[in-house]
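# Architecture and fold: a report
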Amino acid sequence: MLILGKEVSRETRIEIKQGVEDFSKKYGRVPCLAVIIVGEDPASQTYVRNKVLGCEEVSMKSLKYEFPNGTNQEDIANTIRTLVKDDNVDGILVQLPLPKGYDEKYLLDLIPETKDVDGFCASNIGLLALGTPRTISCTPFGVMRLLKSTGVDLAGKNAVVIGRSNTVGKPMAMLLLNANCTVTVCHSKTQNLKEITKNADILVVAIGRPKFLKGDMVKDGAIVIDVGINRVDGHLCGDVDFDEVEPKASFITPVPGGVGPMTISMLLYNTLMAAIAREENAR
Ligand code: NAP
């Protein structure tokens, strides 16, 4: 059965829009997300456009700062510093990856944990690892919502995550562990990958390799979540060979229309939560 990310995302955005209305009535302003993009990478441009459109959909304010590739890094840093001080800005996001030559860590470290709506900073990752999350990285957070939509009880399930990036694989593994799954994390040095994936009740693939996960790597009845976004011959495809895996899976996400829309919904959710937390703390 297909897990329809677009549908779950639509429902989530209706809840967020209501939350934004309630926030505006209570605090007399609208939550605001500031997005910074450097360079002209078409995929990044599309992601940023969709984030801005997502803000409009839930009646949230967005600010977009576009810098051409080659902009002095300190000019970008100063924009972030200004946004950090601006009381009307609740979330700051730097679209990744940055073009070569920029120091991602330096720029991201300027964003305080209270405005880190991507959930990337050390304290947000640390709180997740402790099982007391504050802001959760948007893509794995969205995956958890999609898993919840299946109605399957996750406790005790064997979950396998392929990919160990700081933004997707690692927080994904921590969320599944917090949900009482038995979690295995695989990566490019993993031996006998197929033996591991064939034992998975839940398989999350986040590696950036088109159609990598084949039918013979999947157990009958597994839930398969395809995080990958790859462009092949002008078309989008995931990390899962959908035609081979779909007949074996009990639930599977399509690409496009699966994890992608949820990622943006959880960004909007995180921005609303950051706005509420800032207002509550100011009292
Ligand atoms: P990343 O930072 O490049 O990390 C890729 C991970 O995959 C690494 O941990 C790497 O292992 C592992 N890997 C690569 N080849 C492998 C192989 N043959 N076997 C096993 N593991 C392998 O990528 P990412 O940022 O996590 O993104 C992964 C994919 O998700 C990309 O396609 C990206 O576009 C997509 N994505 C989608 C969304 C969304 O909203 N749907 C959001 C974020 C990312 P090592 O650590 O050993 O190198």
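Above this text is the structure in question.
On a predicted model such as this, the values are computed, not experimentally measured, just so you know. (Residues numbered from 1 in each chain as written. Predicted model: local features only at pLDDT ≥ 70, side-chain atom pairs only at ≥ 80, totals over all residues. Heavy atoms only, no water.)

### So, the overall build of the chain
A tally of regular secondary structure across the chain gives 10 helices and 10 strands. Computed over C-alpha atoms, the radius of gyration of the chain comes to 19 Å, within 12% of the 19 Å expected from 2.2 N^0.38 for 283 residues, which places it in the range of a compact globule. The principal-axis extents of the C-alpha atoms in the chain amount to approximately 50 × 40 × 35 Å. Every one of the 283 residues in the chain was classed for burial, and the buried ones make up 48%. The contacts of the chain with a sequence gap of at least 6 include a subset with a gap of at least 24, amounting to 71%. Approximately 13500 Å² of the chain is accessible, and the part contributed by carbon and sulfur atoms is 52%. Averaging the positions of the 33 positive and the 35 negative side-chain charges in the chain gives two centres separated by 2 Å. (Helix = DSSP H or I, 4+ residues; strand = E, 2+ residues; numbered from the N terminus. Rg over C-alpha atoms; globule rule 2.2 N^0.38 Å. Buried < 20%, exposed > 50% of the residue type's maximum accessible area, 1.4 Å probe, protein only. Contact = heavy atoms within 4.5 Å. Areas by Shrake-Rupley, 256 points an atom, 1.4 Å probe, with all protein chains shown as cover. Lys, Arg positive; Asp, Glu negative; His and termini not counted. Charge placed at Lys NZ, Arg CZ, Asp CG, Glu CD.)

### Side note on the pattern of salt bridges
Under the defined criterion, the tally for this structure stands at 14 salt bridges. Notably, a salt bridge pairs K64 with E66, separated by 3.9 Å at the nearest N-O pair. Assessed through its relative accessible area of 42%, K64 is described here as partly exposed. Judged by relative accessible area, E66 falls into the partly exposed class, the value being 48%. Through salt bridges with shared partners, a single ionic network connects R29, D87, D90, R278 and E279. (Salt bridge = Lys/Arg side-chain N within 4 Å of Asp/Glu carboxyl O.)

### A look at the packing of aromatic side chains
Throughout the structure, instances matching the rule amount to 2 aromatic pairs. Judged by centre distance (4.8 Å) and plane angle (50°), the ring pair of F23 and Y27 falls under tilted. On the criterion of helical spacing, the pair formed by F23 and Y27 is a turn pair, its members being 4 residues apart in helix α1 (residues 5-27). Judged by its relative accessible area of 3%, F23 is buried. (Phe/Tyr/Trp six-rings, centres within 6.5 Å; stacked < 30°, edge-to-face > 60°.)

### A look at the packing of helix α2 (residues 42-57) against helix α10 (residues 259-282)
Viewed as axis vectors pointing N to C, α2 and α10 meet at an angle of 50°, and their least axial separation amounts to 10 Å. Taken as axis vectors, α2 and α10 run oblique relative to one another. Seen from above, α2 lies across α10 with right-handed handedness. Judged by residue contacts, Y47, N50, K51, G54 and C55 of α2 engage I264, L267 and L268 from α10. Per-class residue counts for the contact of α2 with α10 are 5 nonpolar, 2 polar and 1 charged. (Axes fitted to C-alpha atoms, helices over the stretch in contact; angles between N-to-C directions. Parallel < 35°, antiparallel > 145°, perpendicular 65-115°, else oblique. Left-handed = near helix turned anticlockwise from the far one by under 90°. Nonpolar A, V, L, I, M, F, W, Y, C, P; charged D, E, K, R; others polar.)

### Quick notes on the site of the ligand
Taken together, the neighbourhood of the ligand is formed by 21 residues, with R164, S165, S188, V227 and T263 sitting nearest. In the model, an oxygen atom of the ligand is placed 2.6 Å from a nitrogen or oxygen of the S188 side chain. With respect to the ligand, the side chain of T263 contributes an N or O atom lying 2.7 Å from an oxygen atom. Relative to its unbound accessible area of 930 Å², the ligand is 71% covered by the protein chains. The dominant element in the shell around the ligand, judged by the number of residues it contributes, is α10, at 3 residues. Of the residues assigned to the shell around the ligand, the class counts are 8 nonpolar, 11 polar and 2 charged. (Near = heavy atom within 4 Å. Polar contact = N/O pair within 3.5 Å; in protein donor to acceptor, adjacent residues only side chain to side chain.)

### Some details on the pairing of strand β6 (residues 202-205)
Both faces of β6 are covered, namely the face carrying I202 and V204 and the face carrying L203 and V205. Examined bridge by bridge, strand β4 (residues 158-162) and β6 share 4 bridges and lie parallel to one another. If you follow V161 over to β6, its bridge partner there is V204. Bridge count between β6 and strand β7 (residues 223-226): 4 bridges; the pairing is parallel. Among the inter-strand pairings, V204 is bridged to a residue of β7, identified as I225. (Pairing = 2+ DSSP bridges.)

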